[in-house]
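# Coordinate analysis (summary)
The primary structure of each chain is shown beneath.
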Amino acid sequence: MSATESKGQPLPFAVAGVSMRELLAAGEAAALISTPPRAPEPELSGPVEEHREAA
């Protein structure tokens, strides 16, 4: 039996003093940091057509 089971009280889900907004912001920041950057867009090798001016 572990120490938490012997007390008979469930552990609190969130730490007191931390708002839901702060928890969501921290999760969003962690996702941004852990996501690798996108690969660069492949350059078009064909000729680029110039746009005609409107009449």
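Before reading on, note that the structure itself is shown above.
Residues numbered from 1 in each chain as written. Predicted model: local features only at pLDDT ≥ 70, side-chain atom pairs only at ≥ 80, totals over all residues. Heavy atoms only, no water.

### With respect to the overall build of the chain
- Check the secondary structure of the chain and you find two helices and zero strands.
- Counting every position in the chain, which comprises 55 residues, the buried fraction comes to 0%.
- For the chain, the computed accessible surface area is about 6,200 Å², with 61% contributed by carbon and sulfur atoms. (Helix = DSSP H or I, 4+ residues; strand = E, 2+ residues; numbered from the N terminus. Buried < 20%, exposed > 50% of the residue type's maximum accessible area, 1.4 Å probe, protein only. Areas by Shrake-Rupley, 256 points an atom, 1.4 Å probe, with all protein chains shown as cover.)

### Re a nonpolar patch on the surface
- A surface patch of nonpolar side chains, amounting to about 390 Å² of accessible area, comprises Val18, Met20, Leu23 and Leu24.
- For leucine 23, the position within the fold is in helix α2 (residues 20–34). (Patch = residues over 30% accessible without salt bridge, like charges linked within 9 Å, V, L, I, M, F, W, Y side chains within 5 Å. Salt bridge = Lys/Arg side-chain N within 4 Å of Asp/Glu carboxyl O.)

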